[in-house]
Amino acid sequence: KSITDEIDKDIDRLNTVTNRFSKIGSEAILKEENIVELIGNSIDYLRVRISKKIELNFKSERDEITGMANRSLLEWVVENITKNAVDAMDGTGKIDIAVSQVEDQIRIDITDNGKGIESNKLKTVFQPGFTTKTRGWGLGLSLVKRIVEDFHKGKVYVLKSEVGVGTTFRITLK
């Protein structure tokens with residue numbers, strides 16, 4: 001039964017992915033969402049699909065922080081950055097995701113203790129084609145930037161990174 005339930009979740013996820021790609025070329029519809037719940041759902045989905053050797057933590061100062069968002073696309077943003085963090089840790093490590101609100105700004109920080117990003121590459125991580133992997137097209141973070149900045153009118157950037165210590169990506173939304 002548990003395997004069937006996970007397969008059903010994967011089928012739902014494939015439908016979501018199809019939906020996301022159809023939205024990339026059009027204007028995203030934003031509605032008021034509980035960002036804490038939205039991110040919690042993404043983490044729940046990822047938790048059973050990543051290595052048990054990766055500790056995935058989530059905290060929020062409140063149970064409900066609302067903002068205008070496209071649920072499907074913002075979940076994809078969190079999943080993409082988190083999956084990149086998993087790849088940066090070579091199978092073992094820790095990822096902390098924190099949501100907070102400062103005045104009218106929602107902050108989502110995704111911190112890993114992976115390889116870190118060299119300072120001379122920080123300005124190029126969001127450019128199409130940038131990748132540290134041996135496979136892949138390097139489109140994930142450029143799509144993340146487009147979804148956050150163009151669709152949600154927010155910001156996404158590397159808050160801090162140190163080689164051998166890890167990286168924190170920050171997403172800010174109104």
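This structure is a prediction, so every number in the text was calculated from the model and none was measured.

A. Here's a closer look at the overall build of the protein chain. The secondary structure content of the protein chain amounts to 4 helices and 7 strands. Of the regular secondary structure in the protein chain, the N- to C-terminal order runs α-β-α-β-β-α-β-β-α-β-β. Compactness check: the protein chain gives a C-alpha radius of gyration of 16 Å against a globular reference of 16 Å for 174 residues, within 12% of the reference. For the protein chain, the spread of C-alpha atoms along the three principal axes comes to 45 × 35 × 35 Å. In the protein chain, the proportion of contacts linking residues at least 24 apart, taken out of those at least 6 apart, comes to 72%.

B. Local environment of the pairing of strand 7 (residues 166-173). In terms of burial, strand 7 is largely enclosed, as 8 of its 8 residues are buried. Burial along strand 7 is two-sided: the residues Gly-166, Thr-168, Arg-170 and Thr-172 and Thr-167, Phe-169, Ile-171 and Leu-173 are all buried. Pairing geometry for strand 5 (residues 105-112) and strand 7, over 7 bridges, is antiparallel. Paired with Ile-110 across the two strands is Phe-169, which belongs to strand 7. For strand 6 (residues 155-162) and strand 7, the ladder comprises 7 bridges, and the chain directions are antiparallel. Its bridge partner lying in strand 7, Ser-161 is registered against Thr-167. What sits between strand 6 and strand 7 in their antiparallel hairpin is a turn of 3 residues, with Gly-164 showing a positive phi close to 85°.

C. A look at the nonpolar core. Membership of the largest hydrophobic core comes to 42 residues, with the highest contact counts inside it found for Ile-35, Ile-39, Val-77, Ile-81, Ile-95, Ile-97 and Ile-108. If you list the elements that add at least two residues to this core, you get helix 2 (35-47), strand 2 (54-60), helix 3 (71-88), strand 4 (93-102), strand 5, helix 4 (140-151), strand 6 and strand 7. No other element matches the 8 residues that helix 3 contributes to this core. Leaving out residues up to four positions away in the same chain, Ile-81 has contacts with Ile-110, Leu-141, Val-144, Val-156, Phe-169 and Ile-171.

D. Up close: the pairing of strand 4. One ladder, built from 7 bridges, connects strand 2 with strand 4; its direction is parallel. Bridging from a neighbouring strand, Phe-58 pairs with Ile-97 of strand 4. Looking at chain direction, strand 4 and strand 5 are connected through 8 bridges and run antiparallel. Paired with Ile-95 across the strands is Asp-112, a residue of strand 5.

E. Structural detail: the sheet that holds strand 2. Taken together, 5 strands build an open sheet; the order of strands is 2-4-5-7-6 and the sheet is mixed. The open sheet has two edge strands, strand 2 and strand 6, and neither has a second partner. The average angle at which neighbouring strand axes cross in this sheet is 15°, direction not considered. Across the sheet, helix 3 is in contact with strand 2, strand 4, strand 5, strand 6 and strand 7; its angle to strand 4 comes to roughly 145°. The strands that helix 4 touches are strand 6 and strand 7; relative to strand 6, the one it contacts most, it runs at about 135°.

Conventions used here
Residues numbered from 1 in each chain as written. Predicted model: local features only at pLDDT ≥ 70, side-chain atom pairs only at ≥ 80, totals over all residues. Heavy atoms only, no water. Helix = DSSP H or I, 4+ residues; strand = E, 2+ residues; numbered from the N terminus. Rg over C-alpha atoms; globule rule 2.2 N^0.38 Å. Contact = heavy atoms within 4.5 Å. Buried < 20%, exposed > 50% of the residue type's maximum accessible area, 1.4 Å probe, protein only. Pairing = 2+ DSSP bridges. Core = buried A, V, L, I, M, F, W, Y, C linked by side-chain atoms within 4.5 Å. Axes fitted to C-alpha atoms, helices over the stretch in contact; angles between N-to-C directions.

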